[in-house]
Amino acid sequence: MMMDPGTTISRRNMLASLNRTHVMLEKKIGNFVYRVLVFINEKFDGKVPDGIISWKDRKTISKIDENLQSFHSMMNLTRFREATSFILKIARLGNQYFQENKPWETFKLKNVTCQTTLWVSINIVRLLASMIDPFMPDIHDNILMQLDCQRQQMPLQLEFNLKKGHEIGFAFILFRTLRYSGI
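For the structure given in this document, a descriptive report is provided here.

Reading the values: the criteria
- Counting from 1, residues in each chain are numbered in the order their sequence is written.
- Per-residue local features of the predicted model are confined to residues with pLDDT of at least 70, and side-chain atom pairs are confined, for both listing and counting, to 80 or more; whole-chain, interface and lining totals are unaffected and use all residues.
- With hydrogens and water excluded, all non-hydrogen atoms of the structure serve as input to the side-chain values.
- Residue types Ala, Val, Leu, Ile, Met, Phe, Trp, Tyr and Cys, when buried and joined through side-chain atoms within 4.5 Å, form a set referred to as a nonpolar core.
- When a residue's accessible area, from a 1.4 Å probe over protein chains only, is under 20% of the maximum for its type it is buried; when over 50% it is exposed; and in between it is partly exposed.
- Think of it this way: any DSSP run of H or I at least four residues long counts as a helix, any run of E at least two long counts as a strand, and we number them from the N terminus.
- Take the residue count of a helix, subtract one, and multiply by 1.5 Å to get its expected span.
- Axis definition: a line fitted to C-alpha atoms, limited for helices to the stretch in contact. Angles are taken between N-to-C directions and run from 0 to 180 degrees.
- Geometric relationships in this document are graded by angle, where less than 35 degrees denotes roughly parallel, more than 145 denotes roughly antiparallel, 65 to 115 denotes roughly perpendicular, and other angles denote oblique.
- Take the far helix as your reference; a near helix turned counterclockwise from it by less than a right angle gives a left-handed crossing, and one turned clockwise gives a right-handed crossing.
- Should any heavy atoms of two residues lie within 4.5 Å, those residues are counted as being in contact.
- Residue polarity is assigned by list, with Asp, Glu, Lys and Arg as charged and Ala, Val, Leu, Ile, Met, Phe, Trp, Tyr, Cys and Pro as nonpolar; anything else, Gly included, falls into the polar class.
- Salt-bridge detection follows one rule: a side-chain nitrogen of Lys or Arg within 4 Å of a carboxyl oxygen of Asp or Glu.

**Considerations on the nonpolar core**
Consideration 1: Counting residues in each nonpolar core, the largest one holds 46 residues, and the members touching the most others are I90, I122, I124, I143 and L147.
Consideration 2: Where this core is concerned, the elements lending two or more residues are α1 (5-43), α2 (55-76), α3 (80-101), α5 (111-132) and α6 (137-147).
Consideration 3: With 12 residues, the top contributor of residues to this core is α5.

Following this line, the structure appears as C-alpha cells:
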C-alpha cells in the first residue's frame, strides 16, 4: 500500500506539535503544581501557610492579574489558542516567583518569606486550575483533588481563597511523560 508523502509529513508535524505542547504543559504547569504541593506537604504537614504580601509579591501578583485580564479578553473573543498562551504565561510567572523566592532556603532562615511564597504559589495553582477547566477538565479536576477544594467561578484577579490551615491532598504528577514517535 502506497502512502501519500504529504500525509506522512502532516502526521509527523502533528506528532511533533503534540509532543511540544505536552512538554510545555508538563514543564510549565505540571512542574509548578507538583513542586508547590510537595513542598507544602513536606514542610508544613499539608497545611497552607499564611503570608504577608510584600511589594515584591505585589509586583508578581500585578503581572498575573494583567495576564488574567488578557486571558478573559481572548476567551470573550473566542480566541482560545491565544487564551491558552496566557495560562502558560501565568504558570511561567508562578514558576519564576517560586524559583526566585527559594522557599527551600528561606524555610530555614526567614520562615515568613517562605510561608508567603507558598501561600501566594498555592493560590496561583488554584487560579491555574480555574483557567484550565474549559480546555482540560480532567486536569482541572485532578488539581482540585490535590488542593482538596471545590470548583470556583473564574476570578477576575488572583484571589487568595486557600487560607492558612487549609489541608491539601496528596500531590501527584499531572502529566505523564509522553513522547510521540513513529507513524
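**A look at α3**
Consideration 1: When the terminal C-alpha atoms of α3 are compared, their 32 Å separation across 22 residues agrees well with the 32 Å that a helix rising 1.5 Å per residue should span.
Consideration 2: Among the residues of α3, those classed as buried are A83, F86, I87, L88, I90, A91, L93, G94, N95, Y97, F98 and N101.
Consideration 3: Just past α3, the residue K102 takes up positive phi, approximately 40°.

**Things to note about the packing of α3 against α5**
Consideration 1: Packing of α3 against α5 brings their axes to within 10 Å, and their N-to-C directions diverge by 165°. Here α3 is positioned roughly antiparallel relative to α5, judged by the angle of their axes. Crossing of α3 over α5 shows left-handed handedness. Only T116, T117, L118, V120, S121, I124, L127, L128, M131 and I132 of α5 make contact with α3, whose side of the interface consists of F86, I87, I90, A91, G94, Y97, F98 and N101.
Consideration 2: Grouping the amino acids of the contact of α3 with α5 by side-chain chemistry returns 13 nonpolar, five polar and no charged.

**Regarding the environment of D133**
Consideration 1: Locating D133 in the fold gives a position in the loop between α5 and α6.
Consideration 2: Beyond its immediate chain neighbours, meaning those up to four positions away, D133 contacts H140 and R151.

**Focus on the packing of α2 against α5**
Consideration 1: Viewed as axis vectors pointing N to C, α2 and α5 meet at an angle of 5°, and their least axial separation amounts to 12 Å. Overall, the two elements α2 and α5 adopt an arrangement that is roughly parallel. Across from D57, I64, L68 and F71 in α2, the residues of α5 making contact are T116, I124, L127 and M131.
Consideration 2: Its residues assigned to classes, the contact of α2 with α5 shows six nonpolar, one polar and one charged.

**Description of the pattern of salt bridges**
Consideration 1: Scanning all chains against the criterion turns up three salt bridges.
Consideration 2: Put simply, E82 and R79 hold a salt bridge, and the shortest N to O gap is 3.3 Å.
Consideration 3: Given a relative accessible area of 38%, R79 falls into the partly exposed group.
Consideration 4: The network of salt bridges with shared partners includes D133, D141 and R151.

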